[in-house]
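Examining the three-dimensional arrangement
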Amino acid sequence: MLQCIFLLSDSGEVMLEKQLTGNRVDRSICVWFWDQLLSHGDSFKQQPVIASPTHYLFQVVREGITFLACTQVEMPPLMAIEFLCRVADVLSDYLEGLNEDVIKDNFIIVYELLDEMMDNGHPLTTEPNILREMIAPPNIVSKMLSVVTGNSSNVSETLPGATSSCVPWRTTDIKYANNEVYVDLVEEMDAIINRDGILVKCEVFGEVQVNSHITGVPDLALSFVNPSVLDDVRFHPCVRYRPWESYQILSFVPPDGQFKLMSYRVRKLKSIPLYVKPQITSDGGSSRISVMVGIRNDPGKAIDSISVQFQLPSCVSSTDLTANHGVVNVLSNKTCIWSIDRIPKDRAPLLSGTLLLENGLDRLHVFPTFQVGFRVQGVALSGLQIDKLELKVIPNRLYKGFRALTRGGQYEVRS
Amino acid sequence: MFPQFGATADTLSKASTIMFRIGTDAHLYDDPEDVNIAPLLDSKFDSEKCEALKRLLALIAQGFDVSNFFPQVVKNVASHSLEVKKLVYLYLLHYAQKRPNEALLSINSFQKDLGDTNPLVRAWALRTMAGIRLHAIAPLVLVAVGKCARDPSVYVRKCAATALPKLHDLRLEELSSTIEEIVGTLLTDNSPAVVGAAAAAFSSVCPNNYSLIGKNYKRLCTILPDVEEWGQIVLIGILLRYAIARHGLVRESMMFHLHSKEHSSSENDDSDVHSAVGKVGIDPSKKYDSELASMISRCYIEGPDDYLSRSSYSNRVSLAFSGAKFTSCKNNEDVKILLQCTSPLFWSNNSAVVLAAAGVHWIMAPRDNIQRLVKPLLFLLRSSRSSNYVVLCNIQVFAKAMPYLFASHFENFFILSTDSYQTKALKLEILCTISTDSSIASILKEFQDYIRDPDRKFAADAVAAIGLCALQLPKMASTCLEGLLALTRQDSFTSDVRTSEEEAGVLVQAIMSIKMIIKQDPPRHEKVIVQLVRNLDSIKVPAARAIIIWMVGEYSKVGEIIPNMLLTVLKYIAWSFASESSETKLQTLNTVAKVLSNSRGENLETLQKIARYVLELAECDMNYVVRGRGCFFRKLLSCHLGSKKLEDEVITSPENEGLLNVLSEHMFHEQAFQQSPIPINYRVYLPGSLSQIVLHAAPGYEPLPKPCTILHDADTEADLSEQDGSGSFTGSLDEESGSYNGSDHSVTSGGNTESGSSNEDENIQDPLIQISDESHLLPAASADLEELMSKRDLETWLDDQPSLPNSSIHKESKVPRSARISIKDIEKRVRPKTYELLDPANGNGMKVDYTFSSDVSNISPHVVTIQATFKNCSIETILNIVLKHEDSTTKPSDCSESSSQDDVPALVPMQEITSLEPGQATAETIHVRFHHHLLPLKLVIYFNGKSFPVKLRPDIGYFVKPLPMDVEVFRDKESHLPGMFECTRSCIFKGHVDDLNKEKGDHTFSKDKFLVVCESIVLTMLSNANLFLVSVDMPIAAKHDDASGLCLRFSSEILSNSVPCLITVTAEGICSEPLNVAVKVNCEETVFGLNLLNRIVNFLS
C-alpha cells in the first residue's frame, strides 16, 4: 500500500506531493533522498527500491523526472514500480512529453489523474482510455476555449460507460464514419557481439501495436503465418487466453485508439543486419581507434538512422576522431556519438582517429562497448508475419493496414 | 535577405512558448499568491472558485500549509460543479485530519451526494467521506459503504471496497465485524473489477479470515483471469495462502523435497511417491541443492528470522514442520484449479502479476512442471530497468535452489554496458550459480570480456566470479587458473606506473581467486604457485604481494619444485623486507616463522640467519604491530632460532621451552583441518515480496500460513489461532491464561528471587567490560593500556573478590573473574524510584507507596511485579486493607479469566491485609498485567469500609525483563534488527557531573573518571528500567578526559511476548562535563521500542 507519491524535478525540487493514506509522509524524506543521491551518485539513481530510515522508497526516473513512492509496510515492489511506470506513461501521454515545466503548468491535471489512478494506496483506474474520458487531456481547443471564455472544465460530468461494462477498456457507444484498423509490428533487436567478433546473443523483442477506429463493439481475430517462432508472449488484458492456447489466434475486443496488443520475444536468431568492427591499438601514451560499419545481411529494405555510440574510457584525456561519412560528436561526459544515417553505396563508413591517454598511462587496458542504433522500415527481422485480421461483424467499410518496423535495441559490440 | 525574419525568430520562439502555456495553469503554479485567495473562494462564480482552489492546490504541491482556508473551502463542497467538487475533495483529503471539527461540516453534503443519480458523484462522495478518516463519523461511513456495496454501478461498488481499508485503519473494534461482512459480500460480487478491489480490502482488513475465501474459493479462482491486473496481484497471494492453510504443501513440489528425505523411514508411502517422481522426472534430486531448497521452503513458512535464530540450537532439522501435512496436486482439485487459473497470468502485461503467478507455481507446482515459470520471468527482464533489478533478485533465489531451471538460458544474464552496477553484480552471481559443464566455456569467455570493462569494480567482481566457477566445476579449474595468471601478468598491473586503486582491486581479486582455487588441491597446482612467486618481483600492489608471500609459507612443503626454490625466495623476501608495506611485512614474518618451524635439518643455518635478519628488522619497524609481531615470534621461536645469545636474553625454563615448542608447532604446522560445512544462512522471503529485495522482514511481512491449519469443516473460527503477531501493540496471547492459572501456588509470597535466578545463571564467559582499542588490532595493546590507567584504577575495574550478590539484576556477577564495574557498589545504589499511590492527607492517614520491582513474577512471566508499601500514619488501627480494580465490584473476583480475554490492564487480586497498627508499615507484592497500556491504571483501595480511588502509573521500563546474553549474541541480534526496527535519540546526560565533583572533594579514594561516568549511567539505567547490562566498551582515546566512544549495551525482552529489546547507549564528550548520549533501541516491536526509547531518554536527561 503506497502512502505518498512525490514528483521531483531533475534539480531535486519537489514539484508535487500526493498523500494517499491517513499516514502522512513528510517532505523531509525527499531531502534525505536527494542527499543520498548526491553523495552516492549513479549507483543510487539506478536503485529502484531503497530502504530509508523511515520508509521504503520506490523510484522510477523518466526524462529527468523522478517519481518517488513511499510505503512503510510490506507490498509487492513490482506493483509499486509498475504503477509508477503507468503514471509516467499516462502523464507523458497527456502532456505530450515529460519535463519540469509541463508538469508544473498542468499540475491540476496531474493531481486529478493521481487521485483517479490511486485510492488509499491501491491502484484504482489505470486504463488510459478510461482516464481520457474522465479527465480530458489539455489540447489546443480547450486551451483556447479557456482563454476566450475564461472557463474550462476538464473533469467529465459522467462516468465513462466502460467502467460498468464487461469490457472495461472500451467505451460502448463509439461511431466512426470511416472504420479503420492499423496493425504495426514494431521490433527491437538485441544483440551482443563479443570481443572476438562472435555473435553470442541475438534476439528480438517485438510489439504488436494496434490503432483501431471502429464503430460499435467489434470482435477481432488476428492470426500469424508462423506463430511457432514466438518464444514467449504477453498480452493486453483485452486478449482472450483460450483461443491463443488452442489455436494461437489473438481474439480480442480492442480499446478505442492506439494500444499495445501484445509483446513477444523471438530468441536465438542467427543473422544480424549490420556489422561493426572496432579496432583499438595502443602505443606510447596514445591509442588509434578505427570503427568500420557495413551491411552483413541485407534485410531487403533500406537501413537508416544508423548510429554508433560509445563511452570513452575515463583515462582518455583528449580525442581526435574523424569519419569519412556522417557526423561525430563527443559530448562532455565522454560519450561519443557517430551518426551515419544511411550507408552510402560507394564506400564503407569508417571512423578513425587517435585517443590521447592521460599522463603516465602507456596503453589502454579498458575498452569501450559500442551501442549500435538503426532502423529498418517495412521488415520485421524476427521473421514474424501476420496472416490475417478478421472481424466477426464487418461494418460496411473497413480499412485494414499492416506495417512493420525494426529498430536496434540493446545492440552491443564489445571491443 | 529577410532580416526582419531573422530578428523575429527569437521573439517568435518566445511567443510560441507563451502560446504553449496559455490556457494551462502555469501562472497559478508559478505565482499562486498574487491575488487574494479568500474572496475568490466566496465568489458566486464557479470559475473564480476553481481558480482559488487551484491556487490552494499549487501551494499544497509546493509544500506550504494552507489549512487556514479550511472553513471557506468546506463551504464549497455543496457546489454543483463537478470540477469545483473534485478540487474541494482534493483539498479536503489533504487537511481533514488536521481540522477534524471543521471537516464535520462537510458531512451533510456528502450524505446528500450519496443519494445523487450520477454514479460518479456517489463514488466521489464515498471516497472522500471515507478518506477524511474521522472517528466521529465512522458509523455513518460504514452505513454508506454498506449501501454503496449494493449499488447498481460497478464503479461505486469498487469504491465501496476501497473505502473499507480506510475504515479499518481507524481501528474501531465495534465496526470490524460489519466491515468483514461487507468484504465477504463484495468478494462474491459478479463483476471481476469489484472482486479485485474486494481482494485488496480483504488483505488489509482481515488477511487471516480464511472462511471468507473458503466459501468462494473455486469461483475466485475461475474469475481470476478477468480481474483487473492490480486486483490479480493481491488475489493470487490470498488464494495461495488459503490453499496452503487448507490443504498443506504439495507433495510433488519444491517445498516438499527435504521433508520426504527426513521422514522416509517413518512415512513409507511418502517416500515411495517421492522416489517414483525422482525416476520419472528429470532426475531433479541430483541437480539441485536440497539443503538450500529445504531452507528456502522453511523460510517461506516460518519467516527467516524465526528459522535462522533457531539454527543456533543446532536442531534446525529435527524441529521441522513435523506437523505439516501434504497433499498431492494430482488428486486435489483445489490445488489443481489454482495452478490452472494462474498459468494464463504468465501472459499478463503487468510484470507484478507475472511475478506473483510465478511465486504460486514456484511454491505449489510439481517439480517437473516448474519449468513453466522460467520463460515469463526472463521476459520480464526486458520490461523496464527498475523492474529488472527486482526480477533478478527473485530469479537469484530460484536459481540458487534449482540451478538447472535456468541453466540453458544463460545468455539472458549476459551483461550489457547499460546495466546498473547492482544489476551487473546480480547477473554475475546468477551466471556463477547456473553454470554447467556445457555452458561454462561460453560463460568464461564472457567473463573475460568483462575484465576489460571500464567499470573496474565490476571487473574485480568478474574476476571473483571466475574463481567461484572454478570451485563449482573442478574440471575447469586449470583453465580458470591460466586465465587468472595471464591477468596477473598484464602489464597494466606490473608496469612501474602507479596503478589506480581500482586496478589494484582487480589484481588483488585475481590473486585471491587463484588462492581459493589452489586451496582445493594444492599439489596439482604447484606450478601456479611457482609462477606467481616468479612474478613477485613485478607485482607491486601490497595486498597482492602479501597473499603470494602467505602462499609461499602455507605451501612450502607441497610438491617438489617449491622446497627447492624456497631458500631463494626467502632470501628475496628478506632482502625486500625493508621496502614493503606493513601488510606485506606481517605476512613475510609469518612465512619465515612457518618455514623455520617446519624445517627439519636441511639448510637450517641459512634459514636461521634469514629469520634473525627479518626479526631484527621487524623489531625496529615504525609500525608497532610489526614490532609486536616481531617480538612475539622471537620469543616463540627462540628454540628454533638457535642462537646462544638469544637464549640468554629470554629467560626460559625448560618446561616453558617445551610449551613454546608445542605452541609454535600448533600454530605453524599444517593441520588437516576439516572444513565444517558452513550452514547456509541466506535470508529468503516469499517471492515477489518487498522483504526479499531489502533482505529484512518489512513491517507487515507474513510468511506463509502453517500448512493445514484450518480444519476441513471449520469455516467460522479457523482464524483465531493465527491472529497474533499482527504487530498490534496490545496483542493478546492465548497461552497467557494457561500459564497464569497453572501457577497460582504462591501468589503473595514476597521474597521470590530464587525462582528466577536459579535457572538463568549460565556461564557467561565474555568479560563484561571490553577494552576496545581504536585501531582494532589484537594483543599488543596492554602496554598502551597501562600508560593510560594507573594500576589502582585497573584494580577497581577488575574486582578481585567476587562476592555473590543476590540481586537478580546482577546475575552475571556469579561468574568468577569476569571484569566488571565494581558491582557491589552499584547494586547497593540501585534504588528503583518510589511513587506515591495514596497520600496520607487524602487517605485518612493511610500512606501507600509503590516501586516497580525487577523481580520476575512467580504468577506468570507476563505480569509486572510491583512492591507496594502500606503505612499507617494515623493514630488508629486500619483494618481490612485491600487494593482492587475500580470496577471490580461488578466483576467476578477471579479476573484472570476475563483479563486474558480483553486486553485491559488487570490487577491480580491481592491478599487482604487484616490490620495495620498505627505507625506500622507492611510491604506487599502486587502483580499487574499491563498489556502494554501506558495510561494510568485506575484502582481503588478499600479499608475501614471506605474506598479511595487511586491511579497506578505504569512504567514501560518495567514491561521488560533482563535477557542475559553475551556481546557476541548481542551483536548478532542487533544485526538482525536493522532499519525500521532501530530507533535512536540523543540527549544530554548530567548525572555524573555531581559524582565527579564529589570525588574531587574527597581525595582519599579518587576513582577513574570513566568509571564514575559508567557507574552513573548504569545506575540511572538500572534504577529506572529492568535491564541486563551486557557489556561496557571503554574507549582508549588519546586524551585522558575524552569519554567519546564509551558504549554500554543493555538487553531485555518484552514480558508479554518475549521479543528481545536491545539498548545501546553511546556517550560522547568530556568526562567532567555533561555528555552527549545517544540511545539506540533495536526491537522488533517498533512501537514498543519507540516508547521505551522515549522513556529512557526521559530519565537519562
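Scroll up for the structure.
A quick note: this is a predicted structure, and the numbers were derived from the prediction, not measured. (Residues numbered from 1 in each chain as written. Chains lettered and ligands numbered in written order. Predicted model: local features only at pLDDT ≥ 70, side-chain atom pairs only at ≥ 80, totals over all residues. Heavy atoms only, no water.)

The secondary structure content of chain A amounts to eight helices and 23 strands. In terms of overall dimensions, chain A has C-alpha extents of about 75 × 55 × 50 Å along its principal axes. For chain A, with 415 residues in total, the buried portion stands at 57%. Partitioning the intrachain contacts of chain A with sequence separation of at least 6 by distance along the chain shows that 68% fall at a separation of at least 24. Accessible surface computed for chain A: about 17,100 Å², of which carbon and sulfur atoms make up 49%. (Helix = DSSP H or I, 4+ residues; strand = E, 2+ residues; numbered from the N terminus. Buried < 20%, exposed > 50% of the residue type's maximum accessible area, 1.4 Å probe, protein only. Contact = heavy atoms within 4.5 Å. Areas by Shrake-Rupley, 256 points an atom, 1.4 Å probe, with all protein chains shown as cover.)

The subject of this paragraph is the packing of helix α27 (residues 440-451) of chain B against helix α28 (residues 456-472) of chain B. All names here are of chain B. Two elements in contact, α27 and α28, have axes whose closest approach is 8 Å; the angle formed by their N-to-C orientations is 155°. Viewed along their axes, α27 and α28 adopt a mutual orientation that is roughly antiparallel. Judged by the twist between their axes, the crossing of α27 over α28 is left-handed. When α27 is examined against α28, the residues Ile 440, Leu 444, Phe 447, Tyr 450 and Ile 451 are found in contact with a partner set consisting of Arg 456, Phe 458, Ala 459, Ala 462, Val 463, Ala 465, Ile 466 and Cys 469. (Axes fitted to C-alpha atoms, helices over the stretch in contact; angles between N-to-C directions. Parallel < 35°, antiparallel > 145°, perpendicular 65-115°, else oblique. Left-handed = near helix turned anticlockwise from the far one by under 90°.)

Right, let's get into the nonpolar core. In this structure, Leu261(A), Met262(A), Tyr300(B), Trp362(B), Phe406(B) and Phe447(B) are the most contacted members of the largest nonpolar core, which totals 362 residues. Apart from the residues within four sequence positions on either side, Trp362(B) is in contact with Met254(B), Tyr300(B), Ile370(B), Leu373(B), Phe398(B), Ala401(B), Met402(B), Leu405(B) and Pro687(B). Of all hydrophobic cores here, the second largest spans 70 residues; its members include Leu837(B), Val1018(B), Ile1063(B) and Val1079(B). (Core = buried A, V, L, I, M, F, W, Y, C linked by side-chain atoms within 4.5 Å.)

To continue, consider the sheet that holds strand β1 (residues 4-8) of chain A. Residues and elements named next belong to chain A. Strand order in the open sheet formed by five strands is β2-β1-β5-β4-β3, with antiparallel pairing between adjacent strands. Edge positions in the sheet fall to β2 (14-19) and β3 (49-51), since each has one partner strand and no second. Each strand axis lies, on average, 20° off the axis of its neighbour in the sheet, ignoring direction. The pairing of strand β4 (residues 56-62) with strand β5 (residues 65-71) spans seven bridges and is classified as antiparallel. In the strand pairing of β5, Phe 58 is matched with Ala 69. (Pairing = 2+ DSSP bridges.)

Take helix α1 (residues 28-40) of chain A next. Taking 1.5 Å of rise per residue, 13 residues should cover 18 Å, and α1(A) covers 18 Å from first to last C-alpha, within 8% of that figure. Buried-residue contacts for α1(A) involve β1, β2, α2 (42-45), β3, β4 and β5 of chain A. (Expected span 1.5 Å × (residues − 1).)

For the structure on display, the rule yields 15 cavities of 30 Å³ or more. Forming the walls of the largest cavity are 24 residues, and the residues nearest its centre are Lys18(A), Gln19(A), Leu20(A), Leu93(B) and His94(B). For the lining of the largest cavity, the elements supplying multiple residues, two or more each, are β2, α5 (107-117) and β6 (118-119) of chain A together with α4 (46-61), α6 (82-95) and α9 (119-131) of chain B. Residues of the lining of the largest cavity, tallied by class, amount to nine nonpolar, seven polar and eight charged. (1 Å grid on protein atoms, 1.4 Å probe; cavity = no way out; pocket = protein on both sides within 12 Å on 5 of 7 lines; lining within 4 Å. Points joined across faces, edges and corners; volume = space filled by probe spheres on them. Nonpolar A, V, L, I, M, F, W, Y, C, P; charged D, E, K, R; others polar.)

Attention now goes to helix α48 (residues 967-975) of chain B. By the burial criterion, the buried members of α48(B) are Val967(B), Phe970(B) and Glu974(B). Here the buried residues of α48(B) occupy an arc of 60° about the axis, which is enough to place them on one side. (Arc of directions from axis to C-beta.)

Our next topic: the interface of chain A and chain B. Tallying the contact residues gives 112 residues for chain A and 111 residues for chain B. Buried area between chain A and chain B, summed over both chains or domains, comes out near 9,600 Å², and the portion from carbon and sulfur atoms is 56%. When the buried surface of chain A facing chain B is broken down by residue, Glu74(A), Leu78(A) and Arg234(A) rank first, second and third, together holding 8% of it. At the boundary of chain A and chain B, one finds 14 salt bridges. A salt bridge links Asp115(A) to Lys86(B), with the nearest nitrogen and oxygen atoms 2.9 Å apart. In this structure, the connection of chain A to chain B is made through 38 residue pairs in polar contact (both at pLDDT 80 or more). (Buried area = accessible area lost by both parts, 1.4 Å probe. Salt bridge = Lys/Arg side-chain N within 4 Å of Asp/Glu carboxyl O. Polar contact = N/O pair within 3.5 Å; in protein donor to acceptor, adjacent residues only side chain to side chain.)

Before going further, it helps to spend a moment on the side chain of Lys85(B). All names here are of chain B. Inspection of the secondary structure puts Lys 85 in helix α6. For Lys 85, a relative accessible area of 5% gives the class buried. With sequence-adjacent residues up to four places away left out, Lys 85 is seen in contact with Val 77, Ser 79, Asp 113 and Val 121.

Summed over the entire model, instances satisfying the criterion amount to 51 salt bridges over all chains. Within the structure, one salt-bridge network assembled from shared partners comprises Lys18(A), Asp115(A), Glu116(A), Asp119(A), Lys86(B), Arg127(B) and Lys166(B).

The geometry of an aromatic ring pair comes down to the distance between the two centres and the angle between the two planes. All names here are of chain B. By the definition in use, this model includes 24 aromatic pairs over all chains. Look at Tyr 91 and Tyr 95: their rings are 5.2 Å apart centre to centre, the planes differ by 55°, and that puts the pair in the tilted class. With Tyr 91 and Tyr 95 both in helix α6, this residue pair falls four residues apart, about one helical turn. Under the relative-accessibility criterion, Tyr 95 is labelled buried at 2%. Note on Phe 632 and Phe 633: the rings are 5.6 Å apart at their centroids and 35° apart in plane angle, and the pair reads as tilted. (Phe/Tyr/Trp six-rings, centres within 6.5 Å; stacked < 30°, edge-to-face > 60°.)

Let us look at the packing of helix α26 (residues 421-434) of chain B against α27(B). All names here are of chain B. The interhelical angle for the contact between α26 and α27, taken along N-to-C directions, is 155°, at an axis separation of 11 Å. Taken together, α26 and α27 sit at an angle that is classed as roughly antiparallel. Taken as a pair, α26 and α27 cross one another with a handedness that is left-handed. Between α26, through Leu 428, Leu 431 and Cys 432, and α27, the contact on the second element is made entirely by Ile 443, Phe 447 and Tyr 450. Grouping the amino acids of the contact of α26 with α27 by side-chain chemistry returns six nonpolar, no polar and no charged.

With that settled, consider the pairing of strand β8 (residues 179-193) of chain A. Residues and elements named next belong to chain A. In terms of burial, β8 is a largely internal element, 12 of the 15 residues being buried. By the bridge criterion, 14 bridges tie β8 to strand β23 (residues 398-414) in an arrangement that is parallel. The residue of β23 that forms the bridge with Glu 188 is Arg 407. Sheet topology places β8 next to strand β9 (residues 199-213); 14 bridges connect them, and they run antiparallel. Within β9, the residue paired with Glu 188 across the bridge is Phe 205. Where β8 hands over to β9, the hairpin turn is made up of five residues, of which Gly 197 adopts a positive phi near 80°.

Turning next to unusual backbone geometry. Non-glycine residue Glu96(A) carries a positive phi angle of around 55°. For Glu96(A), the location among the structural elements is in the loop between α3 (77-94) and α4 (100-105). In this model, Arg133(B) sits at a positive phi of 50°, which is unusual for a non-glycine residue. Tracing the chain through its elements places Arg133(B) in the loop between α9 and α10 (138-148).

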